[in-house]
Amino acid sequence: MAQAPAIAVAGLGRDYGRVRAVDAVDLDVQPGEFFGFLGPNGAGKTTTIRMLCTLLQPSRGEARVAGGDVVENALDVRRKIGVVFQETTLDLDLTAEENLRFCTRLYGLSRRDSKARIDEALQLFGLEERRHARVRSFSGGMRRALDLARGILHRPSILFLDEPTLGLDPGQRRRIWAFLQKLTREHGTTLFLTTHYLEEADPCDRVAIVDHGRIVALGEPAELKRRLGHDRVDVRTDRAEEFVPRLRELTGLEPQRAQHGLSIFVDDASAILPSLLPLTADGAEVGVTRPTLEDVFVDLTGREVSL
């Protein structure tokens, strides 16, 4: 018998007056899946995650999380999930261990279970040596790690993460992603992640790209990028307007605007590079990279994620 989805969403939407923050979201997330919900700020990601966590009632549609309806069985859903918000909710005047112990009491864990799970969480996130240090002295990356440790103390079947690496430096972000991958690999936790750092989502099993409250693409990261082509040819120039018709004429393809100049997507860059030599003679730089999830977003929406 097939397993029921960890998250099942049909026609989910939320309005704020006349503003439609989330339009009509349909998706299923499987148990143990690492699922990314991607898009720019204001796309409806946080509103969606708040509905799935029972913190916000939908205007329409339905959602089942961990087997329960998010409206009719909200309390049961809350018992089975963990949530890590964009902003930390840690008590800065307590130690790392005290923050975790307070959380285990809220979930009604025995002293024995509390100690075992606190030790396990601190070890998992590399915080053992700082267990007795006040959180106020922690770096941003350490606070985020403690947020994650607290989110898994009660061993939720599903962990929701809303922009978990927001404000962290690249090294801290890499460590957080390593922690998340370990959770799915070793503990079988279902992860539902929102982020506007599209390049971070490559480790996800599947991703949904959302814009203006609607899902515009859904699939495995590699599958979505293959739709554009195997290679991205970048023409770096500050004279993009001048090079558009020339690139179109040389390749027969329609170039896309990019921060560096122009891009085109092809199956085999080596077959087309010789035809671009005239551009280099006029000062442009030509390079080849693989398409990214941000390229997919730009192709689907016609705009940069940061806009």
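Just above sits the structure.
What comes next is a walk through the structure.

1. Regarding the overall build of the chain
Alright, step 1. Of regular secondary structure, the chain possesses 10 helices and 14 strands.
Alright, step 2. If one aligns the C-alpha atoms of the chain with their principal axes, the spans along those axes are about 75 × 45 × 40 Å.
Alright, step 3. In the chain, which comprises 307 residues, the share counted as buried stands at 50%.
Alright, step 4. Across the chain, every contact between residues at least 6 apart in sequence was considered, and the portion connecting residues at least 24 apart equals 71%.
Alright, step 5. Within the structure as shown, the chain displays about 15200 Å² of accessible surface, and the carbon and sulfur contribution to it stands at 47%.
Alright, step 6. Positive and negative side-chain charges in the chain, numbering 42 and 46 respectively, have mean positions lying 8 Å apart.

2. Considerations on the pattern of salt bridges
Alright, step 1. Inspection of every chain in the model, using the stated rule, returns 24 salt bridges.
Alright, step 2. With a closest N to O distance of 2.7 Å, Arg 214 and Asp 23 form a salt bridge. One end of the pair, Arg 214, is in strand 10 (residues 214-219); the other, Asp 23, is in strand 2 (residues 19-29), with 191 residues separating them in the sequence.
Alright, step 3. Overall, the relative accessible area of 41% leaves Arg 214 in the partly exposed class.
Alright, step 4. Between Arg 136 and Asp 93 there is a salt bridge, with its nearest N and O atoms 2.8 Å apart. Residue Arg 136 is found in the loop between helix 4 (111-124) and helix 5 (140-151), and its partner Asp 93 is found in the loop between strand 6 (81-84) and helix 3 (96-106); the two are separated by 43 residues along the sequence.
Alright, step 5. When salt bridges with common partners are traced through the structure, they connect Asp 15, Arg 20, Asp 23, Arg 60 and Arg 214 into a single cluster.

3. Things to note about the side chain of Thr 54
Alright, step 1. Secondary-structure assignment places Thr 54 in the loop between helix 1 (45-52) and strand 4 (60-65).
Alright, step 2. Engagement of the side chain of Thr 54 in a polar contact is seen with the side chain of Arg 78, the distance being 2.5 Å.
Alright, step 3. The residues contacting Thr 54, other than those within four sequence positions of it, are Val 70, Ala 74, Val 77 and Arg 78.

4. So, the sheet that holds strand 11 (residues 231-236)
Alright, step 1. Spatially, four strands are ordered 12-13-11-14 in an open sheet, and the strand pairing comes out antiparallel. Edge positions in the sheet fall to strand 12 (256-258) and strand 14 (285-289), since each of these pairs with one other strand and no more. On average, each strand axis in the sheet is inclined to that of its neighbour by 30 degrees, with strand direction left out of account.
Alright, step 2. Both strand 12 and strand 13 (residues 261-266) contribute to a ladder of three bridges, which runs antiparallel. Considered in strand 13, the bridge of Arg 257 is made with Leu 262.
Alright, step 3. Sitting on the sheet, helix 8 (residues 240-251) touches strand 11, strand 12 and strand 13, and the angle it makes with strand 13 is about 20 degrees.

5. Structural notes on unusual backbone geometry
Alright, step 1. The backbone of Ala 66 shows a phi angle near 55 degrees, a positive value even though the residue is not glycine.
Alright, step 2. Secondary-structure assignment places Ala 66 in the loop between strand 4 and strand 5 (68-69).
Alright, step 3. The backbone phi angle of Arg 155 is positive, close to 55 degrees, even though this residue is not glycine.
Alright, step 4. Relative to the assigned elements, Arg 155 resides in the loop between helix 5 and strand 7 (158-162).

Rules and cut-offs
- Residues numbered from 1 in each chain as written.
- Predicted model: local features only at pLDDT ≥ 70, side-chain atom pairs only at ≥ 80, totals over all residues.
- Heavy atoms only, no water.
- Helix = DSSP H or I, 4+ residues; strand = E, 2+ residues; numbered from the N terminus.
- Buried < 20%, exposed > 50% of the residue type's maximum accessible area, 1.4 Å probe, protein only.
- Contact = heavy atoms within 4.5 Å.
- Areas by Shrake-Rupley, 256 points an atom, 1.4 Å probe, with all protein chains shown as cover.
- Lys, Arg positive; Asp, Glu negative; His and termini not counted.
- Charge placed at Lys NZ, Arg CZ, Asp CG, Glu CD.
- Salt bridge = Lys/Arg side-chain N within 4 Å of Asp/Glu carboxyl O.
- Polar contact = N/O pair within 3.5 Å; in protein donor to acceptor, adjacent residues only side chain to side chain.
- Pairing = 2+ DSSP bridges.
- Axes fitted to C-alpha atoms, helices over the stretch in contact; angles between N-to-C directions.

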